[in-house]
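# Inside the fold
One letter stands for each residue in the lines below.
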Amino acid sequence: MRFVSFELDGKSCLGVRDAESIRVLGEYALEDLLADGVDLVAFAKANPSSRHVSADTVRLLAPLRRPPKILCVGLNYRDHSAESQYAQPDYPTLFTRVNTSLVAHDAPIVRPDVPDSEGVDYEGELAVVIGRGGRHIRHEDALDHVAGYSVFNDGSIREYQFKTPQWTMGKNFDATGAFGPDLVTADELPAGARGLLLQTRLNGEVVQSASTDDMVFDVATLIEVISQAITLEPGDVIVAGTPSGIGWARTPKLLMREGDVCEVEIERVGLLRNAIADEVTLRKSRA
């Protein structure tokens, strides 16, 4: 099933997508249902709601609005490590995102009003949503802990990312991490979301293209390794890394600026689309 979070009549709701129609389940949040141990598919089937709305008449929200943790994986495609001039790590490279950095499908990715930054870089990625938590999860059990998958654009302010050896600042500017539009339950996809085409398009031009099979550390391995140190909780999101083609590695650099439109599409998972807007412009429009 495809779960969608959206705003309806001023309230945050949850629904199930069927093409461009959404069946309204009610005022639920995916993170709350997951925290309560709810089986999402069984819950949707048991919900008697017959109300439907058109997807283009509601404001979509990120699938999970406040995930307990957002754990991102750097350098998880060999070609991206090479273009970034890093030796390929033999252990997952992790950093975190915060909830204020998230932005929904069709909402603007915001180019921040800070000195010394030319634009926002794109990174199309697979997002893994944890359904059942745990610590010291075995590799052979790891995929049983996945509720579903979504699409992520790990928008990066590179100048700030590389100010220090830690990447946290450049990866956490407000409204730079696009997430959505749907959460697709794991039963709808190949195990571990393997073998799916991932593409990023900037203004209609393909700038990244790879298979999820190309990940150095697959979904099960990431869950196993992360849970050795960190208790995974229902609703946690693992953002599984980007392939080559990033704008920062190009000559000249290709960074996103106001008016650009970026799309990240993962086969059978969905298409995430965001325009780019300057923080200064948005501030003036709200004044």
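In what follows, the structure referred to is the one given above.
A brief look at the structure comes next.

Parameters at a glance
- Residues numbered from 1 in each chain as written.
- Predicted model: local features only at pLDDT ≥ 70, side-chain atom pairs only at ≥ 80, totals over all residues.
- Heavy atoms only, no water.
- Pairing = 2+ DSSP bridges.
- Helix = DSSP H or I, 4+ residues; strand = E, 2+ residues; numbered from the N terminus.
- Axes fitted to C-alpha atoms, helices over the stretch in contact; angles between N-to-C directions.
- Contact = heavy atoms within 4.5 Å.
- Phe/Tyr/Trp six-rings, centres within 6.5 Å; stacked < 30°, edge-to-face > 60°.
- Buried < 20%, exposed > 50% of the residue type's maximum accessible area, 1.4 Å probe, protein only.
- Lys NZ or Arg CZ within 6 Å of the ring centre and 35° of its normal.
- 1 Å grid on protein atoms, 1.4 Å probe; cavity = no way out; pocket = protein on both sides within 12 Å on 5 of 7 lines; lining within 4 Å.
- Points joined across faces, edges and corners; volume = space filled by probe spheres on them.
- Salt bridge = Lys/Arg side-chain N within 4 Å of Asp/Glu carboxyl O.

Here we take up the sheet that holds strand S18 (residues 270–278). Pairing is mixed in the open sheet, where five strands are placed in the order S9-S18-S17-S14-S15. Both outer strands of the open sheet, strand S9 (109–111) and strand S15 (205–211), are each paired with one neighbouring strand and no more. This sheet shows a mean twist of 15 degrees between the axes of neighbouring strands, independent of strand direction. Where S9 and S18 come together, three bridges link them in parallel fashion.

Here the focus is the side chain of aspartate 278. Along the chain, aspartate 278 falls in strand S18. Setting aside anything within four residues of it in sequence, one finds aspartate 278 in contact with Val110, Arg111 and Glu258.

Okay, the packing of aromatic side chains next. Inspection of the entire model under this criterion finds six aromatic pairs. Measuring from centroid to centroid gives 5.8 Å for phenylalanine 95 and tryptophan 167, while their planes differ by 65 degrees, and the two rings are edge-to-face. Here the residue phenylalanine 95 occupies a position in strand S7 (residues 93–97), and tryptophan 167 occupies one in the loop between helix H4 (158–161) and strand S12 (177–179), the gap between them amounting to 72 residues. A single burial state applies to phenylalanine 95 and to tryptophan 167, both of which are buried. These aromatic residues form a ring-pair network of at least three members: Tyr86, Phe95 and Trp167. Of note, lysine 163 hangs over the ring of tyrosine 160, and the distance from its end group to the ring centre comes to 4.8 Å. The residue whose ring lies beneath lysine 253 is tryptophan 248, and the NZ or CZ to ring-centre distance is 4.7 Å.

Approximately 620 Å³ is the volume attributed to the largest pocket. Around the largest pocket, the lining is made up of 28 residues, and of these Leu60, Leu61, Ala62, Ala104 and His105 lie nearest the centre. Elements supplying a minimum of two residues to the lining of the largest pocket: strand S5 (59–60), strand S8 (102–103) and S18. The biggest single contributor to the lining of the largest pocket is S18, with three residues.

The next subject is the pairing of strand S11 (residues 146–154). S11 sits mainly inside the fold: nine of its nine residues count as buried. Examined bridge by bridge, strand S10 (residues 124–130) and S11 share seven bridges and lie antiparallel to one another. Across the sheet, the residue bridging to valine 129 is glycine 148, located in S11. Looking at chain direction, S11 and strand S13 (residues 182–185) are connected through two bridges and run antiparallel. Bridge pairing links tyrosine 149 to valine 184 in S13. Pairing of S11 with S12 involves three bridges; the strand directions are antiparallel. When the sheet's bridge partners are listed, phenylalanine 152 is paired in S12 with phenylalanine 179.

Before going further, it helps to examine helix H5 (residues 219–229). With eight of eleven residues buried, H5 is to be regarded as a mostly interior element. Turning to H5, its buried residues number three or more, namely Val219, Ala220, Thr221, Leu222, Ile223, Val225, Ile226 and Ser227. Elements that come into contact with the buried residues of H5 comprise strand S6 (70–74), S7, S10, S11 and strand S16 (237–239).

All right, on to the pattern of salt bridges then. Two side chains with opposite charge may pair up if their charged atoms get near one another. Counting across every chain of the model gives 23 salt bridges. For glutamate 118, the salt bridge goes to arginine 257, with nearest N and O atoms at 3.4 Å. With a gap of 139 residues between them, glutamate 118 in the loop between S9 and S10 and arginine 257 in the loop between S16 and strand S17 (261–266) connect regions that are remote in the sequence. Looking at glutamate 118, the relative accessible area reads 41%, which means it is partly exposed.

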